[in-house]
Amino acid sequence: MTETLEASRLAIDDATADRLFRTARTVTTFAESDVTDEQLAAVYDLIKWGPTMMNTSPLRVLVVRTPEARQRLVANAPEGNQERIAKAPVTLVLASDPDFHERLDVLVPHMPGAREMFAGDAEGRAEAARTSALLQAGYLIVGLRAAGLAAGPVHGIYDGIDAEFFAENGWKSFLVVNVSAAEGADTTRPRAPRLNFEDAAQIV
């Protein structure tokens, strides 16, 4: 366990804090164990409760596991990311849905007219969708760790993936996350340092 503030200042125990943050790593090598659809659904059912702007919940997830789909994904990923994507047991393409407003009658029933408020502003919807989807991506990575899985997020320019997989629904991908069982997953270099609170925060 890494050196931390005394445990009483957190509302979770040290083992949970370690699993979610302190010892969890962005993995680049993967265990051979299966990652099931049931595990992924359980993770989503947990992280969907994280806050987003007006409860818009714009994150969309493409689960890529079949050999045919994996070949299409690798072919449209940046060259530097292809090897890791090809070797992962399952890969999640995270995307934002710029048409999230179509579901607002269900998601914000306490705000009649919310859908119409966004309907005529495609540019504003796209920006709002990406911002909240990025929040949800953070929740998702922590949720995968909570399920005993390891995550390897890979950033890049994914226009080819959008054309290949999202031409009909208009989703906009922004992150690829390789997923593995944690036991047996690994990384290729030591953990990098992090900033201390005093370096990253101002108190006014």
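Before any of the text, the structure's been laid out above.
For clarity, every value in this text was computed on a predicted model and none was experimentally measured.

1. Examining the overall build of the chain
- What the chain contains, in helices and strands, is nine helices and four strands.
- Listed N to C, the secondary structure of the chain is α-α-β-α-α-β-α-α-α-β-α-β-α in terms of helices and strands.
- In terms of overall dimensions, the chain is globule-like: its C-alpha atoms have a radius of gyration of 19 Å, near the 17 Å expected for 204 residues.
- The principal-axis extents of the C-alpha atoms in the chain amount to approximately 50 × 50 × 30 Å.
- Every one of the 204 residues in the chain was classed for burial, and the buried ones make up 39%.
- Within the chain, counting contacts between residues at least 6 apart in sequence, those at least 24 apart form 79% of the total.

2. Considering the nonpolar core
- One finds Leu-92, Leu-94, Leu-140, Leu-144, Phe-174, Val-177 and Val-179 to be the most contacted residues of the largest nonpolar core, which totals 19 residues.
- Those elements that place two or more of their residues in this core are α2 (37-47), β2 (90-96), α7 (122-146), β3 (149-154) and β4 (172-181).
- Per element, the largest residue contribution to this core is five residues, and it comes from α7.
- Beyond its immediate stretch of four places on either side in the chain, Phe-174 contacts Leu-59, Leu-94, Ala-95, Ser-96, Arg-130, Ala-133, Leu-134, Ala-137, His-155 and Tyr-158.

Cut-offs applied
Residues numbered from 1 in each chain as written. Predicted model: local features only at pLDDT ≥ 70, side-chain atom pairs only at ≥ 80, totals over all residues. Heavy atoms only, no water. Helix = DSSP H or I, 4+ residues; strand = E, 2+ residues; numbered from the N terminus. Rg over C-alpha atoms; globule rule 2.2 N^0.38 Å. Buried < 20%, exposed > 50% of the residue type's maximum accessible area, 1.4 Å probe, protein only. Contact = heavy atoms within 4.5 Å. Core = buried A, V, L, I, M, F, W, Y, C linked by side-chain atoms within 4.5 Å.

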